[in-house]
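Coordinates in review
What follows is the residue order along each chain.
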Amino acid sequence: MVTNKVNLEQVNSVLDNVYAWSRSEAYRGYNKHDGLNSPILRLALGWGKWPRILAIQSVMRSPINLRPYLAVKKTYNPKGLALFAQGLMDRFRVSGDPAYLREAEDILALLHSIKSKGNWSGGCWGYHYPWQDPGFFAPSGTPNAVVTCFVCEAYIDAYRLTGKSVYLEIVASAIKFFLRDLCRLADNADELCLSYMPMPMTMCVMDVSILIGAVISQYIELSGDTTEHETARRLVGYVVGKQTEYGAWFYTDPPSDSHIRHDNYHTGFILDALMRYINSSRNDAWRSVHEQGLHFYANKLFNHDGSPRWMSDQDFPHDIHGAAQGILTFSAPPATHSHPDTAANITQWAISNMYNPQGRFYYQETKYYRKKFTLLRWCNAWMARALSRHALSLQEKAGTCQQSNP
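Presented here is an overview of the structure given in this document. Here the structure is a predicted model, which means the values were calculated and not measured.

Rules used throughout
Residues numbered from 1 in each chain as written. Predicted model: local features only at pLDDT ≥ 70, side-chain atom pairs only at ≥ 80, totals over all residues. Heavy atoms only, no water. Helix = DSSP H or I, 4+ residues; strand = E, 2+ residues; numbered from the N terminus. Rg over C-alpha atoms; globule rule 2.2 N^0.38 Å. Buried < 20%, exposed > 50% of the residue type's maximum accessible area, 1.4 Å probe, protein only. Contact = heavy atoms within 4.5 Å. Areas by Shrake-Rupley, 256 points an atom, 1.4 Å probe, with all protein chains shown as cover. Pairing = 2+ DSSP bridges. Salt bridge = Lys/Arg side-chain N within 4 Å of Asp/Glu carboxyl O. Lys, Arg positive; Asp, Glu negative; His and termini not counted.

**Remarks on the overall build of the chain**
For the chain, the helix and strand inventory stands at 15 helices and eleven strands. At 20 Å, the chain has a C-alpha radius of gyration in line with the 22 Å of a compact globule built from 406 residues. Across the 406 residues that make up the chain, the buried fraction comes to 60%. When contacts within the chain are restricted to residue pairs at least 6 apart in sequence, those whose partners lie at least 24 apart make up 68%. With the model as given, the accessible surface of the chain reaches about 16100 Å², and the carbon-plus-sulfur share is 51%.

The structure is reproduced here in structure tokens:
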């Protein structure tokens, strides 16, 4: 257990540097799966399914950052921009400085301007690189459910802070995308599972449906429009029903559809989305599900020194995204009560082992070396979001939080 925990002043100092460095990059950066943005790899490997997979995996798994040498351009990442915006909103809550809120709203305006193009039923967002999976190919800009959910969470946060109806209208538009453009992979009276992308798919990705359910439930809470109340309940119910007897979730259903098992940050996604649903719907029926999942997450996906395990049965690599997600999950109630030291332990580990004082976080720590490069969304955006929330938690404990509304 870590004993020398960072304090609020130290967290804010790191955040100042992280945001300064990220601003200097104009919030553009490299991405984990952006190998197909390399014109060199396209020329060398052609454009078939397996050459695409080889290109993505080779760039992603390299111990050094090959992207500059392969002419991969830095791009916006909508999920990363949403995370930066939410971090700034939490910084406003901590300090009361309106400059943070203004910058957050500038980022939200930028996000709205880079929506996915196409004849979609509502606003949606995707990655700015082509993506080849064994089961599908998604051209650059193809919208997906997870990115759109994270963008919606930023707009929901902004509406809670400012009361500006435009932010809630953007979320309402995105809900049309979820419910009209995504495939229904399971659909019955108690469960609804939607696809990751708006294309023919069979793989049920666990975090997709619960992230959407949490967005819809919060929209209902804020708008008073209860039309999709049962839809939200069924989306969350599908994922709740897939929890194992020991409190975990596989990445997909059936588990054999993916090599990912009980991994770190997707577990955190599910737990946080479940708590957002519980809080917004005021439905306590699944609190025990959350408690059991939280116990598994704390005890099986983090080490005693605060380092994030890759999966419950695999320690390395220690990934900065896993650390950030852990800080987020354990900086909010009820985790702050049942696991009061966990967020601080993870924060101490991340800053001590993965932080460069230039204002950037490293990507991964393997058993033998660290990958000391920064993927802007994966590293800085996630840690900006996580540390801002941890700072808010520390401020709330001290009882000196600023007003939520400007």
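Additional details are given in the paragraphs that follow.
**Looking at the sheet that holds strand β7 (residues 318-319)**
If you walk across this open sheet you meet the three strands as β7-β10-β11, and the pairing is antiparallel. The sheet terminates laterally at β7 and β11 (370-371), the two strands that pair on one side only. Where strand β10 (residues 364-365) lies against β11, two bridges are found, and the strand directions are antiparallel. Looking at β11, one finds that Q364 is bridged to K371.

**So, the pattern of salt bridges**
Counted by the stated rule, this structure contains 20 salt bridges. Between E103 and R23 there is a salt bridge, and its shortest N-O distance comes to 2.8 Å. Linking E103 in helix α5 (residues 98-113) with R23 in helix α1 (residues 8-24), this pair joins segments that are 80 residues apart in sequence. Look at E103 and you get buried, because its relative accessible area is 17%. According to the relative accessible area criterion, R23 is partly exposed, its value standing at 36%. Taking the shortest distance from any N to any O, the salt bridge between E365 and R370 comes out at 3.2 Å.

**Considering the side chain of D207**
Position of D207 relative to the elements: it lies in helix α8 (residues 206-223). Despite being buried, D207 has no salt bridge partner; K79 is the closest side chain of opposite charge, sitting 6.8 Å away.

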